Amino acid sequence: MEANKVNVRIFGHEYVLTGEKPRDHMIRVVAYVDTKIHEVAGGFKTGSSTALAVLSAVNIADEYFSVMDRVNESKIANEQMEGDIHRYEQLWEEAKKNLAEHKEESRRVYEEKEALTERFHAMEREMEEAMRQKEREFQEILRQKERDAEDNMRRKEREFQE
């Protein structure tokens, strides 16, 4: 990659910067440093350029470490969230599995209920048919008893007449 050269002014002094970063990036960095030096200079009425540069560097380093602390906190939070996501994914898969099992169990219970219902209706029909058959048999026995009673009555009448 080709080095970029940029003429810049920091706190009234001219510099030529050379670097591999894009020109716009280098200009943004210089503008930031110049702003920080002017902020420090605003608090001091007298002071050497070296003292202003050192204090500005300390302030910029403080900002850098504060940002790095936030980045590290974000990384930790991100790792925790990734762990949470993994746990929620596991819970989701477990819930889907449980749902599938419950659906299967419901299907099995429904089929068993249908089979039992059909068996009940078949037994009910058999019982009704058995009741009709017993009714026919009872009626036949009753008719036979009536015939026997009539025959007995006629025989008794004959015996009585004789």
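Remember, it's a predicted structure, so these values are computed and weren't measured experimentally.

J.: Sorry, what's going on with the overall build of the protein chain here?
T.: Counting its secondary structure elements, the protein chain contains two helices and two strands. Listing each helix as α and each strand as β along the protein chain from the N terminus yields β-β-α-α. A compact globule built from 162 residues would reach a C-alpha radius of gyration of about 15 Å, whereas the protein chain, at 53 Å, exceeds it by more than 25%. Along the first, second and third principal axes, the C-alpha set of the protein chain runs to 165 × 40 × 20 Å. Looking at the protein chain as a whole, 8% of its 162 residues qualify as buried. Nonlocal contacts in the protein chain, meaning residues at least 24 apart in sequence, comprise 21% of its contacts between residues at least 6 apart. Considering the protein chain, the positive charge centre built from 28 side chains and the negative charge centre built from 37 side chains are found 1 Å apart.

J.: Sorry, what's going on with the nonpolar core here?
T.: What tends to happen in soluble globular proteins is that the nonpolar side chains get buried as a cluster. Counting residues in hydrophobic clusters, the biggest one holds nine residues: Val6, Val8, Ile10, Met26, Val30, Ile37, Val40, Ala41 and Leu52. Among the secondary structure elements, those contributing two or more residues to this core are strand 1 (4–10) and helix 1 (23–43). Apart from the residues within four sequence positions on either side, valine 6 is in contact with Tyr15, Val16, Leu17, Arg23, Met26 and Ile27.

J.: What's the story with the packing of aromatic side chains in this structure? I'm lost.
T.: The geometry of an aromatic ring pair is captured by the separation of the ring centres together with the interplanar angle, meaning the angle of the planes. If you walk through the whole model with that rule in mind, you get one aromatic pair. With a centroid separation of 5.2 Å and 75° between ring planes, the pair formed by tyrosine 64 and phenylalanine 65 is classed as edge-to-face. Overall, the relative accessible area of 48% leaves tyrosine 64 in the partly exposed class. On the basis of relative accessibility, which here comes to 52%, the residue phenylalanine 65 falls in the exposed class.

About the thresholds
Residues numbered from 1 in each chain as written. Predicted model: local features only at pLDDT ≥ 70, side-chain atom pairs only at ≥ 80, totals over all residues. Heavy atoms only, no water. Helix = DSSP H or I, 4+ residues; strand = E, 2+ residues; numbered from the N terminus. Rg over C-alpha atoms; globule rule 2.2 N^0.38 Å. Buried < 20%, exposed > 50% of the residue type's maximum accessible area, 1.4 Å probe, protein only. Contact = heavy atoms within 4.5 Å. Lys, Arg positive; Asp, Glu negative; His and termini not counted. Charge placed at Lys NZ, Arg CZ, Asp CG, Glu CD. Core = buried A, V, L, I, M, F, W, Y, C linked by side-chain atoms within 4.5 Å. Phe/Tyr/Trp six-rings, centres within 6.5 Å; stacked < 30°, edge-to-face > 60°.

Coordinates in, geometry out; function isn't part of it.
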